[in-house]
Amino acid sequence: MQQGLRLTDERMAKVKAIFAASPELGQGNPTLTHHPMARSMCRQRRREAEALDADVPACGAPYMVPVFDPTAGHTAADARLCVDQFEFPGIPCEYPVVHVRANEAALLCQAVGKRLCDAHEWEGACAGALRPVAQEYTWGRPRDEAKQHHNVTRTPVWSYGPAKDQSLCATGSARTPGCPGGGYDKCGSNTYPAGAFPACKSAFGVFDLHGNAAEHMSLPTRPEELGTAGGMTEMKGSWFVFGSVTAHEDDCRWRAPAWHETRVMSETSHLNYHLGFRCCSDVDRPAGAARP
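Rules and cut-offs
Residues numbered from 1 in each chain as written. Predicted model: local features only at pLDDT ≥ 70, side-chain atom pairs only at ≥ 80, totals over all residues. Heavy atoms only, no water. Phe/Tyr/Trp six-rings, centres within 6.5 Å; stacked < 30°, edge-to-face > 60°. Helix = DSSP H or I, 4+ residues; strand = E, 2+ residues; numbered from the N terminus. Buried < 20%, exposed > 50% of the residue type's maximum accessible area, 1.4 Å probe, protein only. Pairing = 2+ DSSP bridges. Salt bridge = Lys/Arg side-chain N within 4 Å of Asp/Glu carboxyl O.

Draft legend 1. Structural view of the packing of aromatic side chains. Applying the stated criterion across every chain yields a total of ten aromatic pairs. Consider the rings of Phe68 and Phe204, whose centres lie 5.0 Å apart with planes at 65°: the pair is edge-to-face. Taken together, the residues Phe68 in the loop between strand S1 (64-67) and strand S2 (81-84) and Phe204 in the loop between helix H7 (143-153) and strand S4 (214-219) connect sequence positions 136 residues apart. In this structure, Phe68 and Phe204 share a single accessibility class: buried.

Draft legend 2. Seen up close, the sheet that holds S2. Spatially, the four strands line up as an open sheet ordered S1-S2-S7-S3, and their pairing is antiparallel. Taken across any chain shown, the strands that pair with only one partner, and hence form the sheet edges, are S1 and strand S3 (115-116). Sheet analysis places S2 next to strand S7 (residues 279-282), joined by three bridges and oriented antiparallel. Considered in S7, the bridge of Val83 is made with Cys280.

Draft legend 3. Molecular detail of the pattern of salt bridges. Within the structure shown, the criterion is met by 19 salt bridges. The residue Arg46 makes a salt bridge to Asp53 at a minimum N-O spacing of 2.7 Å. A relative accessible area of 5% means that Arg46 is categorised as buried. Where Glu145 meets Arg141, a salt bridge forms, and the shortest distance between an N and an O atom there is 3.7 Å. For Glu145, a relative accessible area of 41% puts it in the partly exposed group. Here the salt bridges share partners, and the residues they tie into one network are Arg222, Glu224, Glu225 and Arg263.

Bear in mind that shape data such as this cannot, by itself, settle questions of function.
Next comes the structure, spelled out in structure tokens:
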């Protein structure tokens, strides 16, 4: 991980300390977990598909891509946001980190020099257009009301196109027999390597926004919470058994009910065997440059 993400010793030490503080945080309970695909097969599939592993200098880290609004005439050069191509640890063909609380996800993103994504940033990375903040949040309304307004006005779209096709993504695994719906002791994290389905990507080149691990992010409730870990918890992205169990909608801009709701930085925020995250980062603007 240190070599792949080009982390300093100081940053890697912070990552190790967060993992050391949790008895569950990792790639799943090793006594129960059965990954349906090996890392080597993932690498072969990506080579055959000529899948892109990005290294964009403006993003400040490998395996991140710029996200912007092409519908407003913006290009990658205008981007002020980058997002991980892959679920954390953000390395192609590595298994996602799961059993992670939202506060741990935020701390891990910070440890590697990034931050936890806001909900509209994740949605924009998925849908292929990062829309203006004013269009994405309804400040001052209760969460259920704001969510309903957002959901009924959205246009369903998936990262890979306008029509749903779960076969394109990492949705073919299965729960551990006897898994009651959650827990480290009874549920293995039977995920695929990140990026193992090259067609399951957005127009920006972000993989596994459908299938594989579900993902933590921050849902700001006030403008000052944008781009911080100060919002409420939100979980998006379908998980790896959606080929057989459809628990909820999985299009890019669908917002969930307040499942297991806490503040992001609450020490009791939710964790589970199929729940991971990815990170975002802000692109520094040159002095005097205007924000698109």
